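Notes for the structure review
Here is what each chain is made of, one letter per residue.
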Amino acid sequence: MIQRILPRAFSGKASSFLRTATASQSTLAQPLQKDDTILPKMPPFDYTPPPYTGPSAEEILSKRQRYLSPAVFHFYKNPINLVEGKMQYLFDDKGRRYLDAFGGIATVCVGHCHPQVVDAIVNQTNRLQHSTILYLNPAIADFVEALASKFSGDLKVVYFTNSGTEANELALLMARLYTGCHDVISIRNGYHGNAAGTMGATAQSSYKFNVVQSGVHHAQNPDQYRGIFGSDGLKYARDVEEIVTYGTSGHVGAFISEAIQGVGGIMELAPGYLPAVYDTIRKAGGLCIADEVQSGFGRTGSHFWGFEAHGVMPDIVTMAKGIGNGIPLGAVITTPEIAKVLSYRSYFNTFGGNPVCTAAGLAVLRVIESENLQKNSFVVGSHLKQRLTSLKEKFDIIGDVRGRGLMLGVELVKDRQLKTPAKMEILHIMEQMKEMGVVIGKGGFFGNVFRITPPLCFTKADADFLVDVMDYSLSKL
Ligand SMILES: Cc1ncc(COP(=O)(O)O)c(C=O)c1O
């Protein structure tokens with residue numbers, strides 16, 4: 001029985017598992033109840049949102065369907081109408097609370113509506129919002145200094161953008177201008193953005209629109225779970241050598257990769273891969289770009305930047321998403337020498353690094369430090385990973401548990417030998433977990449990997465609740 005394994009996380013008896021919670025009972029997102037089963041209980045949180053008076057979920061959905069691009073999709077059969085967020089929790093229109101196990105990467109690095117970040121944004125908005133170029137403003141100067149201090153070596157010069165896509169487009173442009181070479185190598189199953197250049201570098205068939213990009217080569221993915229060489233990074237790295245030798249003139253512009261593929265299903269590159277590839281690329285005259293849009297800002301716990309765990313030093317690093325805790329902001333950092341290539345022509349970005357966004361960025365860095373969030377990511381993430389790994393012993397459907405810190409993945413398969421992706425099952429479990437108050441992400445090439453990337457303020461009690469809910473949902477599959 002589930003409560004014998006995890007007694008502390010469960011409350012009393014339950015009834016009506018899938019019943020919609022009423023506003024009065026819902027702020028605790030109490031276990032929904034069905035029979036005599038004892039269900040996991042969400043950790044307490046001292047906040048009750050004011051009653052919601054806006055349009056219903058049905059009205060919102062109907063407007064979305066009518067006016068928004070059909071490309072805008074949503075999770076869940078009955079999508080949640082989220083109207084408030086506080087730290088690691090979300091509240092729907094009925095006042096029901098959810099544990100946010102996904103939003104930490106996409107938006108809120110340090111927690112929903114973190115008061116220090118909100119204050120920084122509001123104060124700066126009250127004083128001045130403007131373009132970055134043409135005039136001076138202290139916000140950008142303070143942030144850029146603090147951000148550069150997070151890097152070692154010669155990585156000192158920053159250019160701000162509004163998104164991760166823009167940051168990667170700029171990184172690729174700089175590498176091509178600097179090396180005078182158009183050829184770029186990226187890894188299959190990676191994701192780098194949705195503009196022409198980054199779409200070309202994104203070698204995920206499900207995310208590609210076949211935008212023609214000459215000179216982009218997709219290398220074998222050093223996938224430790226499904227890859228043919230297992231965890232032998234050096235063997236995968238040979239593919240990059242072969243691309244350089246047989247697919248280019250021998251001269252390469254850039255290599256771009258994530259340290260842990262996020263959209264690709266929390267896939268940590270096999271050990272030894274990046275140092276070998278960086279070596280090959282540099283011998284071919286190319287630059288190495290680390291895409292830290294997901295794995296940066298202490299997310300992986302052991303290090304502030306994901307690439308550090310691989311023992312490499314990139315020439316260019318890109319970041320976005322959590323950098324501004326939900327504010328549109330991206331950045332590219334490189335060496336003074338490489339950065340110079342942009343000064344030969346006029347290159348500007350109207351809002352990249354504007355005062356409001358950079359004020360938010362500085363507040364985020366300060367919160368990560370003052371609240372010791374990188375360490376929290378390490379401690380809570382290690383605990384969570386260990387508990388998820390125990391769950392793997394219990395359920396054959398869990399094929400793999402992977403990742404670092406608070407960037408974890410759980411891959412579901414129908415058969416452990418064949419690794420057949422459990423695509424329908426994951427959707428079902430996701431729905432069940434939502435009903436029990438946990439919002440979790442999903443991704444991977446086959447869409448069968450749970451992505452667990454909560455705000456960095458996630459607690460051990462939150463981690464236990466998440467695992468208990470997953471345990472319960474899997475036991476009912
Ligand atoms: C690793 C990585 N790079 C780049 C991007 C693109 O960022 P944005 O959506 O802000 O353009 C993403 C988005 O998911 C990402 O995961």
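Residues numbered from 1 in each chain as written. Predicted model: local features only at pLDDT ≥ 70, side-chain atom pairs only at ≥ 80, totals over all residues. Heavy atoms only, no water.

Gly164, Thr165, Asp291, Gln294 and Lys321 are the nearest of the 13 residues found near the ligand. At 2.7 Å from a nitrogen atom of the ligand is found a side-chain nitrogen or oxygen belonging to Asp291. The separation between an oxygen atom of the ligand and a polar side-chain atom of Lys321 is 2.8 Å. Bound to the protein, the ligand loses 86% of the 390 Å² it would expose on its own. In terms of residue count, the dominant contributor to the shell around the ligand is helix H7 (residues 164-179) (3 residues). (Near = heavy atom within 4 Å. Polar contact = N/O pair within 3.5 Å; in protein donor to acceptor, adjacent residues only side chain to side chain. Areas by Shrake-Rupley, 256 points an atom, 1.4 Å probe, with all protein chains shown as cover. Helix = DSSP H or I, 4+ residues; strand = E, 2+ residues; numbered from the N terminus.)

Summed over all chains, the structure comprises 13 aromatic pairs. Ring centres of Phe75 and Phe102 lie 6.1 Å apart, and the angle between their planes is 35°; on these two criteria the pair is classed as tilted. Linking Phe75 in the loop between helix H3 (57-67) and strand S1 (82-86) with Phe102 in the loop between strand S3 (97-100) and helix H4 (103-106), this pair joins segments that are 27 residues apart in sequence. Here Phe75 falls in the partly exposed class, since its relative accessible area comes to 26%. For Phe102, a relative accessible area of 17% gives the class buried. (Phe/Tyr/Trp six-rings, centres within 6.5 Å; stacked < 30°, edge-to-face > 60°. Buried < 20%, exposed > 50% of the residue type's maximum accessible area, 1.4 Å probe, protein only.)

So, on to the domain arrangement of the protein. Domain assignment breaks the protein into domain 1 (2-110 + 373-475) and domain 2 (115-370). The gap between the C-alpha centroids of domain 1 and domain 2 is 29 Å. Counting from both sides, the interface comprises 36 residues of domain 1 and, opposite them, 31 residues of domain 2. By the criterion of area lost to domain 2, the three top residues of domain 1 are Gln374, Arg404 and Met407, representing 25% of everything that side buries. Remark: the boundary between domain 1 and domain 2 carries 2 salt bridges. One salt bridge connects Arg226 with Glu411, and the closest N-O pair in it is separated by 2.6 Å. At the junction of domain 1 and domain 2, the tally comes to 18 residue pairs in polar contact (both at pLDDT 80 or more). Within the residue set of the side of domain 1 that touches domain 2, elements represented by two or more residues are H4, helix H13 (373-394), strand S13 (398-404), strand S14 (407-412) and strand S17 (449-452). Ranked by residue count, the leading element in the side of domain 1 that touches domain 2 is S13, at 5 residues. (Domains from an automatic or database assignment. Contact = heavy atoms within 4.5 Å. Buried area = accessible area lost by both parts, 1.4 Å probe. Salt bridge = Lys/Arg side-chain N within 4 Å of Asp/Glu carboxyl O.)

For the rest of this paragraph, the subject is the side chain of Thr132. Its place among the elements puts Thr132 in the loop between helix H5 (115-127) and helix H6 (138-148). If near-sequence neighbours (up to four positions away) are discounted, Thr132 is found in contact with Ile140, Asn349, Thr350, Phe351, Gly352, Gly353 and Asn354.

A few words on helix H9 (residues 233-247). Between its first and last C-alpha, H9 extends 21 Å over 15 residues, near the 21 Å set by a 1.5 Å rise per residue. By the burial criterion, the buried members of H9 are Gly233, Tyr236, Ala237, Asp239, Val240, Ile243 and Val244. Along H9, the residues classed as buried sweep out an arc of 135° about the axis, all on the same side. Away from its buried face, by an angle of more than 90 degrees, H9 presents the exposed residues Leu234, Thr245 and Tyr246. Here the buried face of H9 lies against strand S5 (184-187), strand S6 (216-219) and helix H10 (273-283). (Expected span 1.5 Å × (residues − 1). Arc of directions from axis to C-beta.)

Moving on: the side chain of Ser295. Mapped onto the elements of the fold, Ser295 is located in the loop between strand S10 (287-291) and strand S11 (316-319). For Ser295, a relative accessible area of 1% puts it in the buried group. Those residues in contact with Ser295 that lie beyond four places of it in its chain are Ala259, Thr300, Phe304, Trp305, Gly306 and Met407.

Moving on: the pairing of strand S2 (residues 89-92). Along S2, one buried face is formed by Tyr89 and Phe91 and the opposite face, lined by Leu90 and Asp92, is buried too. In the sheet, S1 pairs with S2 via 4 bridges, with the strands oriented antiparallel. Considered in S2, the bridge of Lys86 is made with Tyr89. In this structure, the hairpin formed by S1 and S2 is closed by a connection of 2 residues, where Met87 is found at a positive phi of approximately 50°. Of the strand pairs in this sheet, S2 and S3 are connected by 3 bridges, and their pairing is antiparallel. Across the sheet, the residue bridging to Phe91 is Arg97, located in S3. Between S2 and S3, which pair antiparallel one after the other, the connecting turn spans 4 residues, and Gly95 there sits at a positive phi close to 80°. (Pairing = 2+ DSSP bridges.)

Remark on secondary structure: sheet strands pair via backbone hydrogen bonds, oriented parallel or antiparallel. If you walk across this open sheet you meet the 4 strands as S13-S14-S17-S16, and the pairing is antiparallel. At either end of the open sheet lies a strand with only one pairing partner, and these are S13 and strand S16 (441-443). This sheet shows a mean twist of 25° between the axes of neighbouring strands, independent of strand direction. Both S16 and S17 contribute to a ladder of 3 bridges, which runs antiparallel. Residue Gly443 lies in a different strand from S17, and its bridge partner there is Val449. With respect to the sheet, H13 is in contact with S13, S14 and S17, its orientation differing from that of S13 by roughly 170°. (Axes fitted to C-alpha atoms, helices over the stretch in contact; angles between N-to-C directions.)

Attention now goes to the confidence of the model for the protein. Looking at the protein, the pLDDT average stands at 91 and 91% of residues meet or exceed 70. Throughout residues 1-32 the model reports pLDDT below 50, and contacts reaching past four residues in sequence, or to other chains, amount to 87 contacts. (pLDDT = per-residue confidence, 0-100.)

What follows is about a nonpolar patch on the surface. On the surface, Leu173, Leu177 and Tyr347 cluster together to form a nonpolar patch covering roughly 250 Å² of accessible area. Note that Tyr347 resides in the loop between helix H11 (336-339) and helix H12 (355-370). Take Tyr347: its relative accessible area is 33%, and that puts it in the partly exposed class. (Patch = residues over 30% accessible without salt bridge, like charges linked within 9 Å, V, L, I, M, F, W, Y side chains within 5 Å.)

Quick look at the sheet that holds strand S15 (residues 438-439) now. Strands sit in the order S1-S2-S3-S15 across an open sheet of 4 strands; the sheet is mixed. A strand with exactly one partner marks an edge of an open sheet, and here the two such strands are S1 and S15.

Each regular strand shows side chains that alternate between the opposite faces of the sheet. In terms of burial, S14 is largely enclosed, as 6 of its 6 residues are buried. The alternating pattern of S14 places Met407, Gly409 and Glu411 and Leu408, Val410 and Leu412 on opposite faces, both of which are buried. In the sheet, S13 pairs with S14 via 6 bridges, with the strands oriented antiparallel. Note on S14: the bridge partner recorded for Gly403 is Leu408. Counting the residues in the hairpin turn of S13 and S14 gives 2 residues, including Gly405, whose phi is positive at 50°.

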